[in-house]
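Observations on the three-dimensional arrangement
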Amino acid sequence: MDGIQEYTLPNGIRIVHRQVTHTAISHMGLMLDMGSRDEKPHQQGLAHFWEHMAFKGTDKRSSLQIINRLEVVGGELNAYTTKEKICFHASVLTPHYERALELLSDITFHSVFPDKQVERERGVILEEMSMYYDSPEDAIQDDFDDIIFYNHQLGRNILGTQESVNGFARQDLLDFIAENLDTSRIIFSSVGNMPFKKVVALVEKYLKNIPAKSSSLVRTPPAIYMPKNVDHKRSITQAHVAIGRTAYEITHAQRLPFFMLINLLGGPGMNSRLNLAVREKNGLVYSIDAGYTPFIDTGYWGIYFATEPKHLKKANALILKELKTLREVPLTKTQLHNTKEQLMGQMAMSEEGNMSFMLMMAKSLLDINRIDTLEELFAQIRTVSATQLQDLANELCREEDLSYLTFLPEN
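Here goes a summary of the coordinates provided. (Residues numbered from 1 in each chain as written. Predicted model: local features only at pLDDT ≥ 70, side-chain atom pairs only at ≥ 80, totals over all residues. Heavy atoms only, no water.)

**Brief notes about the sheet that holds strand 5 (residues 86–93)**
In space, the six strands of this open sheet follow the order 1-2-6-3-5-4, with mixed pairing throughout. Each edge of the sheet is formed by a strand with only one pairing partner; in this case those strands are strand 1 (4–8) and strand 4 (76–81). This sheet shows a mean twist of 15 degrees between the axes of neighbouring strands, independent of strand direction. (Pairing = 2+ DSSP bridges. Helix = DSSP H or I, 4+ residues; strand = E, 2+ residues; numbered from the N terminus. Axes fitted to C-alpha atoms, helices over the stretch in contact; angles between N-to-C directions.)

**Focus on the packing of helix 1 (residues 46–53) against helix 4 (residues 115–133)**
Close contact between helix 1 and helix 4 brings their axes to 10 Å; oriented N to C, the two are set at 120 degrees. Here helix 1 lies oblique to helix 4, going by the angle between them. The handedness of the crossing between helix 1 and helix 4 comes out as right-handed. Contacts between helix 1 and helix 4 involve His48, Phe49, His52 and Met53 on the former and, on the latter, Gln117, Val118, Glu121, Arg122, Val124, Ile125 and Glu128. Looking at the contact of helix 1 with helix 4 residue by residue, the class counts come to five nonpolar, three polar and three charged. (Parallel < 35°, antiparallel > 145°, perpendicular 65-115°, else oblique. Left-handed = near helix turned anticlockwise from the far one by under 90°. Contact = heavy atoms within 4.5 Å. Nonpolar A, V, L, I, M, F, W, Y, C, P; charged D, E, K, R; others polar.)

**Side note on the pairing of strand 11 (residues 403–409)**
Of all the seven residues making up strand 11, seven are buried; the element is thus mostly covered by neighbouring parts of the structure. Of the two faces of strand 11, the one carrying Ser403, Leu405, Phe407 and Pro409 and the one carrying Tyr404, Thr406 and Leu408 are both buried. With six bridges joining them, strand 7 (residues 229–234) and strand 11 adopt parallel strand pairing. Of the residues in strand 11, the one forming a bridge with Asp231 is Thr406. Pairing analysis gives five bridges linking strand 8 (residues 239–247) to strand 11, with the strands arranged antiparallel. Across the sheet, Val241 pairs through a bridge with Thr406, a residue of strand 11. (Buried < 20%, exposed > 50% of the residue type's maximum accessible area, 1.4 Å probe, protein only.)

**Focus: the packing of helix 9 (residues 255–266) against helix 15 (residues 386–396)**
Contact geometry for helix 9 and helix 15: axes closest at 10 Å, N-to-C directions at 80 degrees. By the angle between their directions, the pair helix 9 and helix 15 is classed as roughly perpendicular. Together, Pro257, Phe258, Met260 and Leu261 of helix 9 and Gln388, Leu389, Leu392, Ala393 and Leu396 of helix 15 make up the contact between the two elements. Split by residue class, the contact of helix 9 with helix 15 holds eight nonpolar, one polar and no charged.

**Some remarks on helix 2 (residues 63–71)**
Along helix 2, the positions that sit buried rather than exposed are Ser63, Ile66 and Leu70. One side of helix 2 carries all its buried residues, which in axial view fall inside an arc of 65 degrees. Projecting away from the buried face of helix 2 at angles above 90 degrees are the exposed residues Leu64 and Glu71. Looking at the packing, one finds that the buried side of helix 2 touches strand 4, strand 5, helix 3 (97–109) and helix 4. (Arc of directions from axis to C-beta.)

**Section: the nonpolar core**
Core analysis: the largest hydrophobic core is formed by 51 residues, its most contacted members being Trp50, Phe88 and Phe188. The dominant element in this core, judged by the number of residues it contributes, is helix 3, at seven residues. With near-sequence residues (within four places) excluded, Phe188 lies in contact with Arg14, Ile15, Val16, Met28, Gly29, Leu30, Tyr97, Leu101, Val199, Val203 and Leu207. (Core = buried A, V, L, I, M, F, W, Y, C linked by side-chain atoms within 4.5 Å.)

**Some remarks on unusual backbone geometry**
At Asn151, a residue that is not glycine, the phi angle is positive and equals roughly 60 degrees. With respect to the helices and strands, the residue Asn151 is situated in the loop between helix 5 (136–148) and helix 6 (162–167). Even without a glycine there, the phi angle at Asn369 is positive, about 60 degrees.

**Details of the side chain of Ser403**
The topology assignment puts Ser403 in strand 11. Among the residues examined, Ser403 registers a relative accessible area of 0% and is labelled buried. Of the polar contacts made by the side chain of Ser403, one reaches the side chain of Tyr225; its length is 2.7 Å. One polar contact links the side chain of Ser403 to the main-chain amide nitrogen of Lys228, over a distance of 2.9 Å. Not counting chain neighbours up to four residues away, the residues in contact with Ser403 comprise Phe144, Ile147, Ile148, Tyr225, Met226, Pro227, Lys228, Ala242, Ile243 and Gly244. (Polar contact = N/O pair within 3.5 Å; in protein donor to acceptor, adjacent residues only side chain to side chain.)

**A few points about helix 11 (residues 312–328)**
Helix length check: helix 11 (17 residues) gives 24 Å between terminal C-alpha atoms against 24 Å at 1.5 Å per residue, within 8%. For helix 11, the complete set of buried residues consists of Leu312, Ala315, Asn316, Leu318, Ile319, Leu320, Glu322, Leu323, Leu326 and Arg327. (Expected span 1.5 Å × (residues − 1).)

**Some words on the packing of aromatic side chains**
Within this structure, the stated rule accounts for nine aromatic pairs. Ring centres of Phe49 and Phe168 lie 5.5 Å apart, and the angle between their planes is 85 degrees; on these two criteria the pair is classed as edge-to-face. Residue Phe49 is located in helix 1, and its partner Phe168 is located in the loop between helix 6 and helix 7 (170–180); the two are separated by 119 residues in the primary sequence. Given a relative accessible area of 0%, Phe49 falls into the buried group. With a relative accessible area of 3%, Phe168 lands in the buried category. Ring centres of Trp50 and Phe88 lie 5.8 Å apart, and the angle between their planes is 65 degrees; on these two criteria the pair is classed as edge-to-face. Separated by 38 residues along the polypeptide, Trp50 in helix 1 and Phe88 in strand 5 bring together distant segments of the chain. Looking at Trp50, the relative accessible area reads 1%, which means it is buried. By relative accessible area, Phe88 is classed as buried at 0%. An aromatic cluster is defined as three or more aromatic residues linked by ring pairs; in this entry it consists of Trp50, Phe55 and Phe88. Looking at Lys228, its charged tip hangs above the ring of Tyr150, at a distance of 3.5 Å from the centre. (Phe/Tyr/Trp six-rings, centres within 6.5 Å; stacked < 30°, edge-to-face > 60°. Lys NZ or Arg CZ within 6 Å of the ring centre and 35° of its normal.)

Okay, here's the thing in structure tokens:
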């Protein structure tokens, strides 16, 4: 891809960098191809626990020193955990590039997980779990995963359970890392006004001596999907609803066309079909959206909204009507053109964000071992036909195949 360069260290860690000359900020991250789906049953929540504990002390730094290292130069240090990835990342003014890189290397590979900090952070994570539980729009999406991927690692809550988090000890963190860390599945990704040669030299300084390590990790795909309809009573005032089913994996040939279909249905545009039908024309919701999340061996799509309980039946009926329209009525030539143009515009604007682009490069290399250019993606989008979208709707948007999760007020 234009402006993107790659290099692999002897230990297998890969470097990817895009030099952007018109910015004073550098964004960088270490992304590891391991996440919550790689936990054993008794380890549920351990990947996320590691994300927290990486900031709590290393061989040479206390937690306070880690916090202050970039803050004092106006930089930012952060991390996140997903079902399949753990990422530690930083953003700084380019003169502080080496400072940020050294810190990322330190917290990723040299954390010591002090026992006192394990106890302290356990309480923080339990509070985080309570916060999510008290937020039905977050809780419903976590619970919906368990319905779609029942009895599988992908269905488990990334945060873990109160029981599992209460049981974690320092040795559990060391064991999880030892079992899953694979240097050939680590990407150092970078975007900023720094020449590639200089980036490689700095990365070699801090990452070249990390011992090469391989993992025998094998990810097991979920069992055959079976639709379910589940209601839960909670102390809330609105009804919160998730509707959806399994979908294509990230390497599937129909992934991009299906993403286009879901974007048309309920993407971020205010002109999405669900927003027009349920909010603009009927005023039943404040917001409604549809999303598609692919994984390495499966995926799912879902619709999320909240409404007054008395409007629930009508809102569901309107959604099913829109899905039926997608299945039965092909897009006109103008509608198809507009759908393609909207998606291409959204993708181009997303690429303008250097931080998100940095993260995208790392994830793309880990998942598909390449980084597609916008023009390559646009070329694929331009070939999609109305018949193709209609066929996808008939395959993955049938009413009888959908699962429902509804949070209802207790009274």
